[in-house]
Amino acid sequence: MGFEAIFPVPIIQGPMAGGANTPAMVAAVSNAGGLGSFGASMLSLDTIRAQVAETRRLTSRPFMLNFFVQGVPTPLPQEVDRGVDLLRPVWSSLGWSGLPMPAKWCEDFAAQFELLLELKPAVASFTFDILSAAQVKRLHDAGIFVIGTVTTVDEALAWQAAGADALVASGVESGGHRGTFIGAQSAATLEAIPLLAAVVDAVRMPVISAGNVMTGADIRERLALGAAAVQMGTAFLVTDESGVPAVYKERLLAAQGNPTRLTRAISGRLARGIENRFMQQMAAVEAEVPAYPVQNALTGSIRAEAAKRGDPELLSLWAGTGVARARAMPTAKLMEVLIAEINQT
Ligand SMILES: Cc1cc2nc3c(=O)[nH]c(=O)nc-3n(C[C@H](O)[C@H](O)[C@H](O)COP(=O)(O)O)c2cc1C
């Protein structure tokens with residue numbers, strides 16, 4: 001079973017929280033027959049509304065909204081103090097005498113979920129945790145196709161039981177955060193191809209393969225192994241429409257070999273990015289930093305300042321293992337190139 005009824009080209013442009021996805025990127029992918037998406041988890045309700053409205057001006061085709069399934073945490077003051085202290089080498093290197101406290105730990109997922117039901121994109125996907133069957137039913141009643149993100153077979157079976165329509169099987173090569181929600185994040189080490197094979201075997205629904213898909217040949221390979229589509233993040237990070245800071249894009253395009261590794265130092269959750277001074281300075285204590293989203297919120301002012309100063313060493317340079325194969329061009333052109341490569345025999 002495939003996705004032809006929703007999007008004819010089996011390419012999902014990965015949701016990327018943090019500003020990479022723009023209405024121009026999402027619309028270019030959907031207009032080319034793929035599925036554009038927004039990583040909307042870190043956006044306010046007003047921003048989500050505005051971006052969806054802008055996207056709907058640019059395309060009448062389906063697109064996807066993606067959210068982190070999360071609650072608002074209530075960390076103890078001493079946990080927060082300890083987190084600030086562990087980050088001291090990083091924030092003091094900016095010349096700061098203290099770390100500015102974030103206004104909130106994260107956006108309110110419950111409110112985002114209600115907005116999602118109101119905005120009714122064709123497709124919604126979720127990561128970091130699982131929805132209840134009742135939540136999935138509410139999405140279905142609103143006519144929304146539901147995709148869960150998994151890193152293990154157990155997670156795939158859990159989403160199947162909750163009523164998901166499809167799964168993203170995210171291999172350890174993937175850029176950004178791991179979606180793991182059952183067991184230790186560090187234990188979910190399957191690469192995209194063995195994960196795809198195991199998940200396709202275990203469930204009765206379409207499986208989307210994510211992780212180190214950079215070319216049409218990679219897409220053909222995943223489709224031949226049973227994927228109904230692929231989800232590509234890093235490949236779209238370097239397009240002209242990507243909203244990431246210029247110095248981040250420069251680092252991505254200068255990458256050779258595989259300069260990425262997993263870290264929990266920046267956000268409190270395992271994520272893959274290009275190693276920089278932030279990751280190196282925090283390496284010895286990364287197991288001790290507060291869990292996501294507290295650490296992510298604590299490092300927000302550092303990353304914002306680094307973006308302002310044009311310093312990639314204190315940004316989060318999220319990227320997948322395939323980063324050296326990323327090709328800079330307009331999104332519409334990348335879609336054209338990928339489709340031509342898929343059709344090469
Ligand atoms: C900068 C960045 C941010 C990401 N943010 C999200 C997100 O908000 N939600 C999500 O489900 N996946 C997120 N991902 C994962 C991508 O959607 C995609 O699955 C992944 O990048 C695929 O692996 P690749 O980078 O090797 O192509 C992110 C990836 C990157 C690189």
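Note that the structure is a prediction, hence the values are computed from the model and not measured.

Reading guide: rules and limits
- Residues numbered from 1 in each chain as written.
- Predicted model: local features only at pLDDT ≥ 70, side-chain atom pairs only at ≥ 80, totals over all residues.
- Heavy atoms only, no water.
- Pairing = 2+ DSSP bridges.
- Helix = DSSP H or I, 4+ residues; strand = E, 2+ residues; numbered from the N terminus.
- Axes fitted to C-alpha atoms, helices over the stretch in contact; angles between N-to-C directions.
- Contact = heavy atoms within 4.5 Å.
- Buried < 20%, exposed > 50% of the residue type's maximum accessible area, 1.4 Å probe, protein only.
- Salt bridge = Lys/Arg side-chain N within 4 Å of Asp/Glu carboxyl O.

Caption draft 1: Looking closely at the sheet that holds strand E1 (residues 11-13). Pairing within the open sheet is parallel, and its eight strands lie in the order E1-E9-E8-E6-E5-E4-E3-E2. Since the sheet does not close on itself, it has two edges, and those belong to E1 and strand E2 (36-39), each with one partner. Direction aside, the axes of adjacent strands within the sheet are offset by 25° on average. As judged from the three bridges shared by strand E8 (residues 207-210) and strand E9 (residues 229-232), these two strands associate in the parallel manner. Each bridged residue has a counterpart across the sheet, and for Ile-208 the counterpart in E9 is Ala-229. Strand contacts of helix H5 (residues 109-119): strand E3 (63-68) and strand E4 (123-127), with the helix running at about 165° to E3, the strand carrying the most contacts.

Caption draft 2: Geometry of the environment of Ala-50. Checked against the element boundaries, Ala-50 lands in helix H2 (residues 45-58). A relative accessible area of 46% means that Ala-50 is categorised as partly exposed. The sequence separation of Ala-50 and Pro-23 amounts to 27 residues, and the corresponding C-alpha distance is 9.6 Å.

Caption draft 3: Spotlight on the sheet that holds strand E10 (residues 260-263). Taken in spatial order, the three strands of this open sheet run E7-E11-E10, and their pairing is antiparallel. Strands with a single pairing partner mark the edges of an open sheet, and in this sheet they are strand E7 (176-177) and E10. Bridge analysis of E7 against strand E11 (residues 271-274) gives two bridges, and the strand direction is antiparallel. Along E11, the bridge assignment pairs Gly-176 with Arg-272.

Caption draft 4: The pattern of salt bridges, seen in detail. For the coordinates displayed, the defined rule picks out 15 salt bridges. In this structure, Asp-141 engages Lys-137 in a salt bridge whose closest nitrogen and oxygen atoms are separated by 2.8 Å. Taken together, the residues Asp-141 and Lys-137, both in helix H6 (residues 133-141) and four residues apart, mark about one turn of the helix. Judged by its relative accessible area of 59%, Asp-141 is exposed. With a closest N to O distance of 3.1 Å, Arg-261 and Glu-275 form a salt bridge. Placement of the pair is Arg-261 in strand E10 and Glu-275 in the loop between E11 and helix H12 (277-282), with a sequence separation of 14 residues. A cluster of three or more residues bridged by salt bridges with shared partners is formed by Arg-261, Glu-275 and Glu-286.

Coordinates in, geometry out; function isn't part of it.
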